[in-house]
Amino acid sequence: MGWLTSLSRRQLLWLALVSVIGLAIVAVGMVREKATVHRPPVAFTAAMTMKQIAPQLGVTGKSLARELGLPLDAPKNEPLTALGVTEDQLDDVAHHLAGHRESTLKYYVFVALVLFGLVFLVRLGRPDDSPAGERGMWYPRWPYIAVLSLSVALCGFALGKSPNPMEGTVKLFKSFIGLYPSVAEKVVLFLFFAALAVIGNKLICGWACPFGALQELAFSLPILRKLKRHKIPFAASNTVRCALFIVVLLLLFGIIGGQKGLVLYHFVNPFNLFNLDFESASIGITVFVTLALSLGTYRPFCQFICPFGLLSWLLERISLFRVRIDRERCTNCGACIRACPLQASSGRLAGKLLPADCFSCARCLRVCSEDAIAYGLVGRMHRAPVGKP
Ligand code: SF4
Ligand code: SF4
């Protein structure tokens, strides 16, 4: 709590302001959620056609056909029984698709968490006028852990799997082959998450994504410290992530396999955890293996698999707020490189055009004895007076 009592009056005002604004954003979300018209659940039967069922589930006939294991061009006007679909099969699919219904409130909670993360990193983490000698108390972990726990509880288990950044990306590409009634709606959904990644470097991933938060919390447990020092080479993890993304697109668009609509990510979608909907054994295995690996490896799902992780890594190049290094002060001592759980800090110091993902986790912001690192607006560098270490 030394950090909290060291904040200046101006910073306390910022803290109060961001808390009030965050709560107000969530309150607006609650009002909007209440006003959202939720259709009463409909009892579907296999005597109905896809044309009758699909709109009620918010998908197109093609998408329903895909979920039922039928070809995308299967007749949409025929009763499902005539296509060989059983009542049980339909029940499972209807239950699964209903779980994709988006919580309006969750968008607002995402915004509130990202806003808090941004203000914490830019304005609150370091008490005003605190010299580099006191850097041990800068950017304490507990506010970060509190936000991550809130994300898991609220954006995960309380509000369910949808929407989430990974799904926002996958649905965008699925909409291009007609699996959703509106492409524009999915473009807006993706742009929402992209904007939250651009405002502050990958802040939606680092501070608000519930599965990212679960991995971060597992990694934060004070165990396996020696293992955590070993970082996976970024070239290897990113090659796997890019290759998977390309294969997924080739299959989805039917360029390989000859049939459109197969989404490999569905088989490893860990966000199903938040609906307790393990539609295939591979999903349960993915969740279990990822969380087990996260005890010693930083965010393995984000590093190797997540398509939003990949696209937001590219978007980092245009993020407005991010970790900045004052090269005139940097002595290349390597403290920030050791503190970073990925190769982001080393890549940045080496001046690489495409360094590894930076999740805005703040670990590097408290270790520089030269006061050469800060989180700020691109082009602006915080500078404490020289000789105040
Ligand atoms: S990269 Fe990780 S944190 Fe970001 S959306 Fe994917 S799972 Fe979530
Ligand atoms: S420690 Fe690494 S991932 Fe975390 S903010 Fe610093 S550069 Fe980014």
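Residues numbered from 1 in each chain as written. Chains lettered and ligands numbered in written order. Predicted model: local features only at pLDDT ≥ 70, side-chain atom pairs only at ≥ 80, totals over all residues.

Draft legend 1. Representation of the overall build of the chain within the structure. For the chain, the count of helices and strands is 18 helices and two strands. Relative to the compact-globule value of 21 Å for 389 residues, the chain shows a C-alpha radius of gyration of 23 Å, a close match. Along the three orthogonal principal directions, the C-alpha set of the chain runs to about 80 × 45 × 35 Å. A burial count over the chain gives 40% of its 389 residues as buried. The contacts in the chain between residues at least 6 apart in sequence include a share of 75% that link residues at least 24 apart. (Helix = DSSP H or I, 4+ residues; strand = E, 2+ residues; numbered from the N terminus. Rg over C-alpha atoms; globule rule 2.2 N^0.38 Å. Buried ≥ 20, exposed ≤ 12 C-beta atoms within 10 Å, placed from the backbone. Contact = placed C-beta atoms within 7 Å.)

Draft legend 2. Quick peek at the confidence of the model for the chain. With 96% of its residues at a pLDDT of 70 or more, the chain shows a mean pLDDT of 93. Between residues 385-389, whose pLDDT stays under 50, and residues either more than four places distant or in other chains, the model counts seven contacts. (pLDDT = per-residue confidence, 0-100.)

Draft legend 3. Representation of the site of ligand 1 in the model. With respect to spatial proximity, the complete set of residues near ligand 1 consists of Pro 165, Met 166, Cys 205, Cys 209, Phe 211, Gly 212, Arg 299, Phe 301, Cys 302, Cys 306, Phe 308 and Gly 309. Among the secondary structure elements, those contributing two or more residues to the shell around ligand 1 are helix H8 (165-175), helix H11 (210-220), helix H15 (300-304) and helix H16 (307-315). Partitioned by chemical class, the residues of the shell around ligand 1 number nine nonpolar, two polar and one charged. (Near = placed C-beta within 6 Å. Nonpolar A, V, L, I, M, F, W, Y, C, P; charged D, E, K, R; others polar.)

Draft legend 4. Fine view of helix H5 (residues 87-98). The end-to-end C-alpha distance of H5 is 16 Å, a good match for the 16 Å that 12 residues give at a rise of 1.5 Å each. Looking only at H5, the buried set comprises Leu 90, Val 93 and Ala 94. Burial along H5 is one-sided: seen end-on, the buried residues are contained in an arc of 100°. Along H5, the residues that are exposed and aim more than 90 degrees away from the buried face are Asp 88 and His 95. Residues of H5 that are buried sit in contact with helix H4 (61-67). (Expected span 1.5 Å × (residues − 1). Arc of directions from axis to C-beta.)

Draft legend 5. Just unusual backbone geometry, in detail. Along the chain, Ser 162 connects to Pro 163 via a cis peptide bond; the corresponding omega equals -5°. Topologically, Pro 163 is positioned in the loop between helix H7 (141-158) and H8. In this structure, Tyr 139 is a non-glycine residue whose phi angle is positive, near 40°. For Tyr 139, the position within the fold is in the loop between helix H6 (104-124) and H7. With 21 C-beta atoms counted inside 10 Å, the residue Tyr 139 sits in the buried group. Non-glycine residue Asn 332 carries a positive phi angle of around 60°.

Draft legend 6. Local environment of the nonpolar core. Grouped together as the largest cluster of nonpolar side chains are 80 residues, with contacts concentrated most on Phe 110, Leu 113, Val 114 and Ile 204. Looking at this core, the element that brings in the most residues is H6, giving 16 residues. Built from parts of two domains, this core gets at least three residues from each of domain 2 (136-315) and domain 3 (318-377). The residues touching Val 114, leaving out its near neighbours within four places in the chain, are Leu 196, Gly 200, Leu 203, Ile 204, Trp 207 and Ala 208. (Core = buried A, V, L, I, M, F, W, Y, C linked by C-beta atoms within 7 Å. Domains from an automatic or database assignment.)

Draft legend 7. Structural detail: the domain arrangement of the chain. What the domain assignment reports for the chain is domain 1 (50-98), domain 2 (136-315) and domain 3 (318-377). The centre of domain 1, based on its C-alpha atoms, is set 27 Å off from the matching centre of domain 2. The partner domain 2 presents nine residues to the eight residues of domain 1 that form the contact. Sorting elements by how many residues they give to the side of domain 1 that touches domain 2 places H4 first, with three residues. Split by residue class, the side of domain 1 that touches domain 2 holds three nonpolar, three polar and two charged.

Draft legend 8. Structural detail: the packing of helix H13 (residues 234-252) against H16. At a minimum axis separation of 10 Å, H13 and H16 run at an interaxial angle of 115°. It follows that H13 is roughly perpendicular to H16 by the angle criterion. Remark: the crossing between H13 and H16 carries left-handed chirality. Two secondary-structure elements touch here, H13 through Arg 241, Cys 242 and Phe 245 and H16 through Pro 307, Gly 309 and Leu 310. (Axes fitted to C-alpha atoms, helices over the stretch in contact; angles between N-to-C directions. Parallel < 35°, antiparallel > 145°, perpendicular 65-115°, else oblique. Left-handed = near helix turned anticlockwise from the far one by under 90°.)

Draft legend 9. Quick peek at H8. Most of H8 sits inside the fold, with 10 of its 11 residues counted as buried. What H8 keeps buried is the set Pro 165, Met 166, Glu 167, Gly 168, Thr 169, Val 170, Lys 171, Leu 172, Lys 174 and Ser 175. Contact partners of the buried residues in H8: helix H9 (183-199), helix H10 (203-208), H13 and H16.

Draft legend 10. Here's a closer look at the environment of Ser 237. With respect to the helices, strands and loops of the structure, Ser 237 is situated in helix H13. Owing to 23 C-beta atoms within 10 Å, Ser 237 belongs among the buried residues under this scheme. In sequence terms Ser 237 and Ile 305 are 68 residues apart; their C-alpha atoms lie 8.7 Å from each other. Once you skip the residues sitting within four places of it in the chain, Ser 237 turns out to touch Ile 232, Gln 303 and Phe 304.

Draft legend 11. Molecular detail of the environment of Asp 91. Note that Asp 91 resides in helix H5. Here Asp 91 falls in the partly exposed class, since 14 other C-beta atoms lie within 10 Å of it. In sequence terms Asp 91 and Gln 343 are 252 residues apart; their C-alpha atoms lie 46 Å from each other.

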